[in-house]
Amino acid sequence: MQITLVDFANDLVVYNITGISREELENKLNLFFAAENLPLKSDKPDEKVYQKGSKIMRIIFGVFVKYFKVVVSIKQQDELFSVKIVRDMNILLSGGLIGINKSRKEFTRLTEAFKVYFKD
């Protein structure tokens, strides 16, 4: 299995992954995000949503309540999988400027851990 970073931004990372079947990829995604304490909230054929915390509590109490959400899109072309990870949080859900900084750091840490996990 090979993983290659294709594109990145503050709230988006795209990896190309080869040498794995779709079932193995989805299983590895679920195991990785479960290990990172981000349980699966929504599972559609080409899109998965992983989220921890409560959106309502985050809006009410701001940065004092943990909330983090990522959306993972999978596109397949022959044996090449394009996996796009998006940090799906706006300024209200981030908890202001402090929360935006924290969630961006968490997203950076998560995407680096993702790359290491899939290289092994």
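Look up: the structure comes first, before these words.
Residues numbered from 1 in each chain as written. Predicted model: local features only at pLDDT ≥ 70, side-chain atom pairs only at ≥ 80, totals over all residues. Heavy atoms only, no water.

Student: Help me understand the overall build of the chain in this model?
Tutor: Within the chain, the regular secondary structure consists of four helices and six strands. The order of α-helices and β-strands along the chain, N terminus first, is β-β-α-β-β-α-β-β-α-α. Relative to a compact globule of 120 residues, whose C-alpha radius of gyration would be 14 Å, the chain shows 15 Å and is just as compact. Its C-alpha atoms put the chain at 45 × 25 × 20 Å along the principal axes. Looking at the chain as a whole, 38% of its 120 residues are labelled buried. (Helix = DSSP H or I, 4+ residues; strand = E, 2+ residues; numbered from the N terminus. Rg over C-alpha atoms; globule rule 2.2 N^0.38 Å. Buried < 20%, exposed > 50% of the residue type's maximum accessible area, 1.4 Å probe, protein only.)

Student: What should I look at first to understand the packing of helix α1 (residues 22-35) against helix α4 (residues 96-119) in this one?
Tutor: The relative placement of two packed helices is expressed as an angle between their axes plus a distance between the axes. Orientation of α1 relative to α4, taken along the N-to-C sense of each, is 135°, at an axis distance of 11 Å. When the interaxial angle is binned, α1 and α4 end up oblique. The handedness of the crossing between α1 and α4 is right-handed. Contact residues: α1 offers Leu 25, Lys 28, Leu 29, Leu 31, Phe 32 and Phe 33, while α4 offers Leu 110, Ala 113, Phe 114, Tyr 117 and Phe 118. Grouping the constituent residues of the contact of α1 with α4 by class yields ten nonpolar, no polar and one charged. (Axes fitted to C-alpha atoms, helices over the stretch in contact; angles between N-to-C directions. Parallel < 35°, antiparallel > 145°, perpendicular 65-115°, else oblique. Left-handed = near helix turned anticlockwise from the far one by under 90°. Contact = heavy atoms within 4.5 Å. Nonpolar A, V, L, I, M, F, W, Y, C, P; charged D, E, K, R; others polar.)

Student: When you look at the nonpolar core in this model, what are you seeing that I'm missing?
Tutor: Here is a general trend for soluble globular proteins: nonpolar side chains tend to be buried in one another's company. Leu 25, Leu 29, Phe 33, Val 70 and Phe 114 are the most contacted members of the largest nonpolar core, which totals 24 residues. Broken down by secondary-structure element, the contributors of at least two residues to this core are β2 (12-18), α1, β5 (67-77), β6 (80-87) and α4. Of the residues forming this core, the biggest block, five residues, is contributed by β5. (Core = buried A, V, L, I, M, F, W, Y, C linked by side-chain atoms within 4.5 Å.)

Student: Honestly, the side chain of Lys 69 in this entry has me stumped. Any pointers?
Tutor: Of note, Lys 69 is situated in strand β5. The contact partners of Lys 69, leaving out residues within four places of it in the chain, are Val 49, Tyr 50, Gln 51, Val 86, Arg 87, Asp 88 and Met 89.

Student: What exactly am I supposed to notice about a nonpolar patch on the surface here?
Tutor: A contiguous nonpolar patch, built from Ile 56, Met 57, Ile 60, Phe 61 and Phe 64 and spanning about 580 Å² of accessible area, is present on the exposed surface. Mapped onto the secondary structure, Ile 56 falls in helix α2 (residues 55-61). Judged by its relative accessible area of 54%, Ile 56 is exposed. (Patch = residues over 30% accessible without salt bridge, like charges linked within 9 Å, V, L, I, M, F, W, Y side chains within 5 Å. Areas by Shrake-Rupley, 256 points an atom, 1.4 Å probe, with all protein chains shown as cover. Salt bridge = Lys/Arg side-chain N within 4 Å of Asp/Glu carboxyl O.)

Student: Any chance you could explain unusual backbone geometry here in plain terms?
Tutor: Phi at Asn 37 takes a positive value of approximately 65°, unusual for a residue other than glycine. Topologically, Asn 37 is positioned in the loop between α1 and β3 (40-44). The exposure class assigned to Asn 37 is exposed, which follows from its relative accessible area of 51%. The backbone of Asp 78 sits at a positive phi, close to 55°, despite the residue not being glycine. In this fold, Asp 78 is placed in the loop between β5 and β6. Judged by relative accessible area, which is 67%, Asp 78 ranks as exposed.

Student: Which parts of the structure should I look at to understand the pattern of salt bridges?
Tutor: Note on pairing: side chains with opposite charge can pair once their charged atoms come close. Within the structure shown, the criterion is met by nine salt bridges. The residue Arg 22 makes a salt bridge to Asp 46 at a minimum N-O spacing of 2.7 Å. Of this pair, Arg 22 sits in helix α1 while Asp 46 is found in the loop between β3 and β4 (47-53), placing the two residues 24 residues apart along the sequence. According to the relative accessible area criterion, Arg 22 is buried, its value standing at 19%. It is possible to trace a salt-bridge network through shared partners that takes in Arg 22, Glu 26, Asp 43, Asp 46 and Lys 48.

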